[in-house]
Amino acid sequence: MHHTARGEPLNPTKPWVDIGVMSLHPQLRARRSFVLLATIVALIIGAQPALAAGDDTVEFDGAGWGHGVGMSQWGAYAQAQQGWTYDATIAHYYTGTSLAAYDAINPSRNNLWVNLETDRTDLTLRARDTSTQLPGGGHAPATVTRGAETQDLTHRQTVRLLWINENTCTAEFSEADGSPGSIATWPEGSCDFDVTWDGTAETPSTAIQIEGCFLVEFDTGIKRNCRYGRGAAIRTIDNESPLRTASGLDPNFDGFDLILDIDVDAYTRGISEVSYSWPTEALKAQAVAARSYAAEAGDRINPSAQKCACDLKDTSASQRYVGWGHTSNQNRWIAAVEATDNLIVTSPAGKIVSTVYSSSNGGKSEAFHERWGGAPRSYLASVDDPWSLKAPNPRRSWKFSLSAATLAAKVWGTNPPTLTSVKVIARNTSGSAKTVEFRSADGDVTTKSAAWMTSAAGLYSWYFDVDFGDDGGVDPPPPDPDPTLSDQVALQDPRTGIWQIRRGDGSVDSYYFGNPNDTPYAGDWDGDGVDTMGLYRESTGFLFLRNSNDQGVADIDIYYGNPGDRPISGDWNGDGIDTVGIFRPSQGKFYLRNSNTQGVADIDFAFGQPGDVPIAGDWDGDGVDTVGVYRPSTKMVYLINEFSNSQPDVTFDYAGTAAGDRIVAGDWDGDGDDTVGVFRPSTKTWYLRDTFTQASANIVFVFGESHMNPTAGDWGG
């Protein structure tokens, strides 16, 4: 997340969220042929002027802004625009997690301590009325206490806290705009002050304002006072504070540390990480991620990770917390927080997870351990994120330029040699840069990390490529295929018999064919180059085939197989016409026919075992379809290229599948080879792969409803 120092203008694209003591610097990614960047408009947004390209210019092409771990906010935005719900977004970015009630995980619901100010020697707090009054009228006072001393402040009255040393402080209480101490002055004494008001009410009547502190809101650019309406108390922390002593830091203060004591849900209401005008489901996803991140921080045994006497800071070290009435659109954010009230993200073991997030990535999120070291965290694995690169994300691509002489000086210091080559020589799982190599004219070879490179060149992320000198670096991931894929997907509603066919342009055709509970599949039954619908009626063993994708009766109906068989189709003899087949689960055996007529099998053979799911496709691009099975118990795919084979030609560990996933096969990139994909009912998401070697799906989209049955084919456009 990008949080700014108070008083600075806020850039609304949030580059990062940090966890613990990890680096706050953003990350980047790209190159001339980098992920998606070859196919999207080059939007150049730089913090420095670009130099004219030439032999003396090092050029960086990149995408994304921030560390790239976990959810990308612009990805969540694009998903919401495509109809994703917030829970599907959370499940996608935080692998294997679930939503749970925070009360159930932590019944005590300990309040958070949020750092608002650090080392202030002269600090003025003002009581302000909100637009809400108490039930009997009026507004609650703000009560300042220090030991046995107490003083109430009403609207616009102030307390000025003055620091003398770590054990000696005074307080001056003044009327609104009055002279110092016009109400009262406390003598020198402890520096441990508490301010309380009705901040635990659903809608407080009073807020506390920090004088001289301002925040600039996302949507309007208006500079507003730092004002806090919700919270149990605002405290200054003395040397004996448990949070201070637990931190292991130097216990001596240089001024007041001002801390907000606040409930997790009340805290989430004051988060300002994205524009409150964003789509509702994106705001809900942000609310859940922000709440879970805070809850996990509050549950840490040692809160020293933030290097303060607090659980969280109100800046980019944690999350941007702005408090009360920050924007005219805040009601939309409050509604999103309330709609997800008490929900946090948990691991399979039931532990709260640290839901880090950033503005955007380069098309695939970063794995936790590759970004920050340590052991891998399963819930922060690298996942596909094409949504992160969609408009209107202003950092979906960018370019930077740096003179070769300037970069050489950064690499080698004073009197550097002539730089001759810069290239990325290693990448992370996400495709982001990992190691950059620099070569000089005198033969020196030096390597630097991507973190060093982003800092030295002022890049937005680790998702980058570089163009200078020898172009022999590690190739970036290939660009995504054309969105008008050769094969597309379809769904059949078993409740109604309605089909939904998804076209290459994303449009959907709907029509009725068959009866509820029929099993769908597809094939080119007449050899015209267009796949059309087929149905298997399990109760009777009849197959119903139609030669056009519209409502009507079957053009071909035949009896083939036994009730309980699983239907498949393919061009088993290479004549250009798909014909029918069945897999008999009880036997682990296929029965295939070379014509769409009733009769005995032309090809029958055993392959697979009971419980396997049959699939068919042209796995080697020879023009003849063969078969395979997916074994849910082991998440393995076994495929053959010849019907004479008893052993699989392709064995693929489909580790990315989840319980309940439905497997499909198709030629998603039009290269002549069929590959596999899954439809995940729990999130209504499709994950399609163009090869059997890539680590994860390269085509991901939401389509359909969780109760529908998937199939695939070439619908002719």
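Above this text is the structure in question.
The structure displayed is predicted, hence computed values, not measured ones.

Draft legend 1. Looking closely at the packing of helix 1 (residues 73-81) against helix 6 (residues 280-298). Relative to each other, helix 1 and helix 6 sit at 140°, their axes nearing to 7 Å. Handedness of the crossing formed by helix 1 with helix 6: right-handed. Facing helix 1, whose interface residues are Gln73, Ala76, Tyr77 and Ala80, helix 6 presents Glu281, Ala282 and Gln286. Across the contact of helix 1 with helix 6, the residue classes tally to 4 nonpolar, 2 polar and 1 charged.

Draft legend 2. Region of the structure containing the sheet that holds strand 13 (residues 223-228). Read from one edge of the open sheet, 6 strands run 10-9-8-5-12-13, paired in antiparallel fashion. The open sheet has two edge strands, strand 10 (184-189) and strand 13, and neither has a second partner. This sheet shows a mean twist of 25° between the axes of neighbouring strands, independent of strand direction. In this structure, strand 5 (residues 122-129) lies alongside strand 12 (residues 206-216), joined through 5 bridges in antiparallel fashion. Each bridged residue has a counterpart across the sheet, and for arginine 128 the counterpart in strand 12 is alanine 207.

Draft legend 3. Here's a closer look at the side chain of glutamine 79. Looking at the secondary structure, you find glutamine 79 in helix 1. A distance of 2.7 Å separates the side chain of glutamine 79 from the side chain of threonine 89, its partner in a polar contact. When sequence neighbours within four positions are dropped, the list of residues in contact with glutamine 79 reads Trp84, Thr89, His92, Tyr93 and Trp387.

Draft legend 4. Up close: the pairing of strand 41 (residues 685-688). Burial along strand 41 is two-sided: Thr685 and Tyr687 facing one way and Trp686 and Leu688 facing the other are all buried. Examined bridge by bridge, strand 40 (residues 675-680) and strand 41 share 4 bridges and lie antiparallel to one another. Note that in strand 41 the partner of glycine 677 across the bridge is leucine 688. What sits between strand 40 and strand 41 in their antiparallel hairpin is a turn of 4 residues, with lysine 684 showing a positive phi close to 60°.

Draft legend 5. Inspection of the nonpolar core at higher detail. Ranked by internal contacts, the top residues of the largest apolar core, which has 103 residues, are Tyr94, Leu125, Ile210, Ile234, Leu260, Tyr267 and Ile663. The element contributing the most residues to this core is helix 6, with 11 residues. Listed in part, the 26 residues of the second largest apolar core include Ala404, Leu407, Ala456 and Tyr460.

Draft legend 6. Examining the environment of aspartate 667 more closely. Residue position: aspartate 667 is located in the loop between strand 39 (662-666) and strand 40. The class of aspartate 667 is buried, set by a relative accessible area of 9%. Filtering out sequence-adjacent residues up to four positions away, aspartate 667 remains in contact with Ser486, Asp487, Gly672, Asp673 and Asp674.

Draft legend 7. Molecular detail of the pattern of salt bridges. One pass over the full model with this rule turns up 24 salt bridges. Between arginine 146 and glutamate 149 there is a salt bridge, with its nearest N and O atoms 2.8 Å apart. The partner of arginine 593 in a salt bridge is aspartate 602, with the nearest N and O atoms 3.9 Å apart. Since its relative accessible area comes to 44%, aspartate 602 is described here as partly exposed.

Draft legend 8. Representation of a negative patch on the surface within the structure. Together, Asp620, Asp622, Glu642 and Asp649 make up a negatively charged patch on the protein surface. With respect to the helices and strands, aspartate 620 occurs in the loop between strand 35 (613-617) and strand 36 (626-631).

Draft legend 9. Structural detail: the environment of valine 445. Inspection of the secondary structure puts valine 445 in strand 22 (residues 445-449). In this structure valine 445 comes out as partly exposed when scored by relative accessible area, which is 40%. Measuring from C-alpha to C-alpha, the distance between valine 445 and serine 421 comes to 9.4 Å, with 24 residues separating the pair along the chain.

Draft legend 10. Examining the packing of aromatic side chains more closely. Throughout the structure, instances matching the rule amount to 31 aromatic pairs. Ring geometry for tryptophan 398 and phenylalanine 400: centres 5.4 Å apart, planes at 80°, overall edge-to-face. Relative to tyrosine 460, the ring of phenylalanine 400 has its centre 5.1 Å away and its plane inclined at 65°; by these criteria the two rings are edge-to-face. One end of the pair, phenylalanine 400, is in strand 19 (residues 398-403); the other, tyrosine 460, is in the loop between helix 10 (450-457) and strand 23 (464-467), with 60 residues separating them in the sequence. Cluster of aromatic residues (ring-pair linked, three or more members): Trp163, Phe173, Trp186, Phe193 and Phe256. Above the ring of tyrosine 460, the side-chain terminus of arginine 395 is found at 4.4 Å from the ring centroid.

Draft legend 11. Structural context of helix 10. Within the sequence span of helix 10, burial applies to Ala450, Met453, Thr454, Ala456 and Ala457. Take helix 10 and look down its axis: the buried residues cluster within an arc of 165°, on one side only. Buried positions along helix 10 lie against strand 1 (57-62), strand 19, helix 9 (404-412), strand 21 (433-440), strand 22 and strand 23. Following helix 10 by one or two positions, glycine 458 has its phi on the positive side, about 70°.

Draft legend 12. Up close: the state of the cysteines. Within this structure, the stated rule accounts for 2 disulfides. Between the sulfur atoms of cysteine 169 and its disulfide mate cysteine 191 the distance is 1.9 Å. The chirality of the disulfide connecting cysteine 169 with cysteine 191 is right-handed, given an S-S dihedral of about 90°. On the criterion of sequence distance, the pair formed by cysteine 169 in strand 9 (residues 168-174) and cysteine 191 in the loop between strand 10 and strand 11 (194-196) is long-range, its members being 22 residues apart. Of the two residues examined, cysteine 169 and cysteine 191, each falls in the buried class.

Draft legend 13. Fine view of helix 1. Here helix 1 lies mainly inside the structure; 8 of its 9 residues are buried. For helix 1, the set of buried residues is Gln73, Trp74, Gly75, Ala76, Tyr77, Ala78, Gln79 and Ala80. Those residues of helix 1 hidden inside the fold are in contact with strand 2 (71-72), helix 2 (86-93), helix 6 and strand 18 (357-358). Looking one or two residues beyond helix 1, the residue adopting positive phi is glycine 83, at roughly 100°.

Draft legend 14. View of unusual backbone geometry. In this chain, alanine 391 is followed by proline 392 through a cis amide linkage whose omega measures 10°. Here proline 392 lies in the loop between helix 8 (368-372) and strand 19. Of note, the phi angle at asparagine 517 is positive, near 80°, even though the residue is not glycine. With respect to the helices, strands and loops of the structure, asparagine 517 is situated in the loop between strand 26 (508-512) and strand 27 (519-523). Accessibility expressed as a relative area gives 62% for asparagine 517, which makes it exposed. The phi angle at lysine 635 is positive, at roughly 60°, despite the residue not being glycine. Among the secondary structure elements, lysine 635 is positioned in the loop between strand 36 and strand 37 (636-639).

Draft legend 15. The arrangement of the sheet that holds strand 16 (residues 312-313) in detail. Judged by pairing direction, the sheet is mixed, and its 7 strands sit side by side in the order 7-6-11-14-15-4-16 without closing on themselves. The strands lining the two open edges of the sheet, one partner per strand, are strand 7 (149-153) and strand 16. As paired elements, strand 14 (residues 233-236) and strand 15 (residues 256-262) share 4 bridges and run antiparallel to each other. Across the sheet, residue alanine 233 finds its bridge partner in strand 15, namely aspartate 261.

Rules behind the numbers
- Each chain carries its own residue numbering, running from 1 in the direction its sequence is written.
- With the structure being a predicted model, the display of local features is reserved for residues of pLDDT at least 70 and the display and counting of side-chain atom pairs for 80 or more, all residues being used for whole-chain, interface and lining totals.
- Side-chain metrics in this entry use all non-hydrogen atoms of the structure; hydrogen atoms and water are not considered.
- For every element, the axis is a line fit to its C-alpha atoms; helices are fit only across the contacting stretch, and the angle between N-to-C directions ranges from 0 to 180 degrees.
- In DSSP terms, a helix is any run of H or I states spanning at least four residues, a strand is any run of E spanning at least two, and both are numbered starting from the N terminus.
- Crossing handedness follows the turn of the near helix against the far one: under a right angle anticlockwise gives a left-handed crossing, and clockwise gives a right-handed one.
- Contacts are assigned to residue pairs that have any heavy atoms within 4.5 Å of one another.
- Here the term charged refers only to Asp, Glu, Lys and Arg, the term nonpolar to Ala, Val, Leu, Ile, Met, Phe, Trp, Tyr, Cys and Pro, and the term polar to all other amino acids, Gly among them.
- Pairing between strands is defined by DSSP: at least two bridges between the two strands are required.
- Whenever a nitrogen or oxygen atom comes within 3.5 Å of another N or O atom, the pair is scored as a polar contact, on the condition that within protein one atom can donate a hydrogen and the other can accept it, and that pairs from neighbouring residues in sequence are kept only if both atoms are in side chains.
- Buried means the residue's accessible area, taken with a 1.4 Å probe over protein chains only, is under 20% of the maximum for its type, while exposed means over 50%, and partly exposed covers the values in between.
- To qualify as a nonpolar core, a set must consist of buried Ala, Val, Leu, Ile, Met, Phe, Trp, Tyr and Cys residues joined through side-chain atoms within 4.5 Å.
- Salt bridges are identified by distance alone: a Lys or Arg side-chain nitrogen within 4 Å of an Asp or Glu carboxyl oxygen.
- Patch criteria: residues need more than 30% relative accessible area and no salt bridge. Like-charged residues are merged within 9 Å; nonpolar side chains of Val, Leu, Ile, Met, Phe, Trp and Tyr are merged within 5 Å.
- Per-residue and other accessible areas were derived by the Shrake-Rupley procedure at a 1.4 Å probe size, with only the shown protein chains allowed to occlude residues.
- We score Asp and Glu as negative and Lys and Arg as positive, and we do not count His or the chain ends.
- Every charge is mapped onto a representative atom, which is NZ of Lys, CZ of Arg, CG of Asp or CD of Glu.
- Between 30 and 60 degrees the pair is tilted, below 30 it is stacked and above 60 it is edge-to-face, where a pair is any two Phe, Tyr or Trp rings, Trp via its six-membered ring, whose centres lie within 6.5 Å.
- Both a distance and an angle decide whether a charge sits over a ring: NZ of Lys or CZ of Arg must be within 6 Å of the ring centre and within 35 degrees of the ring normal.
- The arc in question is the one spanned by the directions pointing from the helix axis to the C-beta atoms.
- Note on terminology: pairs of cysteine sulfur atoms within 2.5 Å are recorded as disulfides.

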